[in-house]
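# Understanding the architecture of this molecule
For reference, the chains in residue letters:
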Amino acid sequence: MNKPQAIARTLISLGCLVVVVGSILHLIAGYANVSAALATSNLDEGLRDAMGAVFLMIGLSWIALAVDSGAGIPFQLTDSEQFSR
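Per chain, residue numbering runs from 1 following the sequence as it is written. Totals for whole chains, interfaces and linings use all residues, but because this is a predicted model, local features are given only for residues with pLDDT of at least 70 and pairs of side-chain atoms are given and counted only at 80 or more. Side-chain figures throughout are based on the complete set of non-hydrogen atoms in the structure, without hydrogens or water.

## What to know about the overall build of the protein chain
Helical segments are the DSSP runs of H or I of at least four residues, strand segments are the runs of E of at least two, and each set is numbered from the N terminus. When helices and strands are counted, the protein chain shows 3 helices and 0 strands. Scanning the protein chain from its N terminus toward the C terminus, one meets helices and strands in the order α-α-α. A simple rule labels every residue: compare its accessible area, found with a 1.4 Å probe on the protein chains alone, to the largest value its type can have, and call it buried under 20%, exposed over 50%, or partly exposed in between. For the protein chain, buried positions account for 15% of its 85 residues. Whether two residues are in contact is decided by their heavy atoms, any of which lying within 4.5 Å being enough. Summarising the internal contacts of the protein chain: among those between residues at least 6 apart in sequence, 78% fall at separations of at least 24.

Laid out in structure tokens, this is it:
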């Protein structure tokens, strides 16, 4: 693996880590604030539950996206390995 590929893989891995950490903060810290705000609002009960569910689904989809984006990084073949197979 040459240096530009190593740098690219490192940056992608760091980006995936940032997305995972951000989504965990979204789920842990943000969900409590949203739940408190929705509880004091005059929204319908079903709409409150739906907003909370959407908030959780966004955080979980970010985690899935980050894991999927970074999953194959260490296992990708180099150009010379791809052409020899």
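## Remarks on a nonpolar patch on the surface
Each patch groups residues whose relative accessible area exceeds 30% and which form no salt bridge, using 9 Å between like charges and 5 Å between nonpolar side chains of Val, Leu, Ile, Met, Phe, Trp and Tyr. To be clear on the numbers: accessible area is Shrake-Rupley with a 1.4 Å probe, and residue cover counts the displayed protein chains and nothing else. Here, a salt bridge means any side-chain nitrogen of Lys or Arg that lies within 4 Å of a carboxyl oxygen of Asp or Glu. Where nonpolar side chains cluster on the molecular surface, the patch consists of Ile7, Leu11, Leu14, Leu17, Val21 and Leu25 and spans about 580 Å² of accessible area. Tracing the backbone shows Leu17 in helix 1 (residues 3–40).

## Looking at helix 1
Every helix has an expected span of 1.5 Å times one less than the residues it contains. For helix 1, which comprises 38 residues, the first-to-last C-alpha distance of 54 Å matches the rise-based estimate of 56 Å (1.5 Å per residue) to within 8%. Approximately 40° is the largest bend angle found in helix 1, and it occurs at Gly30. Where helix 1 is concerned, the buried positions are Arg9, Cys16, Ser23, His26, Leu27, Gly30 and Leu38. Here a polar contact is recorded for every N or O atom pair within 3.5 Å, except that within protein the pair must consist of a potential hydrogen donor and a potential acceptor, and residues adjacent in sequence are included only if both atoms are side-chain atoms. For helix 1, the side-chain oxygen to backbone nitrogen distance between the N-cap and Gln5 is 3.1 Å, and the N-cap itself is Asn2. Fitting axes to the seven residues ending at a residue and to the seven starting there, one defines the bend at that residue as the angle between these axes.

## Topic: the packing of aromatic side chains
Centres within 6.5 Å make a pair out of two Phe, Tyr or Trp rings, where for Trp the six-membered ring is used; the pair is then stacked when the planes are under 30 degrees apart, edge-to-face when over 60, and tilted otherwise. All chains considered together, the criterion is met by 1 aromatic pair. Where Tyr31 meets Phe55, the ring centres are 6.3 Å apart and the plane angle is 35°; that geometry is what we call tilted. With Tyr31 in helix 1 and Phe55 in helix 2 (residues 45–70), this pair connects stretches of sequence that are 24 residues apart. Exposure remark for Tyr31: the relative accessible area of 28% places this residue in the partly exposed category. Residue classification places Phe55 among the buried residues on the basis of a relative accessible area of 17%.

## Overview of the side chain of Ser23
Among the structural elements, Ser23 can be located in helix 1. On the basis of relative accessibility, which here comes to 0%, the residue Ser23 falls in the buried class. Looking at Ser23, its side chain comes within polar contact range of the main-chain oxygen of Val20, at 2.8 Å. The residues contacting Ser23, other than those within four sequence positions of it, are Gly59, Trp62 and Ile63.

## Thoughts on the confidence of the model for the protein chain
In low-pLDDT segments, the atomic positions of the prediction should not be examined closely. Each residue carries a pLDDT value, the predictor's own confidence for that position, ranging from 0 to 100. With 80% of its residues at a pLDDT of 70 or more, the protein chain shows a mean pLDDT of 80. Per-element confidence in the protein chain ranges from a low mean pLDDT of 53 for helix 3 (residues 79–84) to a high of 86 for helix 1.

## Quick look at the environment of Ser13
Mapped onto the elements, Ser13 comes out in helix 1. Each C-alpha atom, one on Ser13 and one on Ala66, is 9.0 Å from the other, the two residues being 53 residues apart in sequence.

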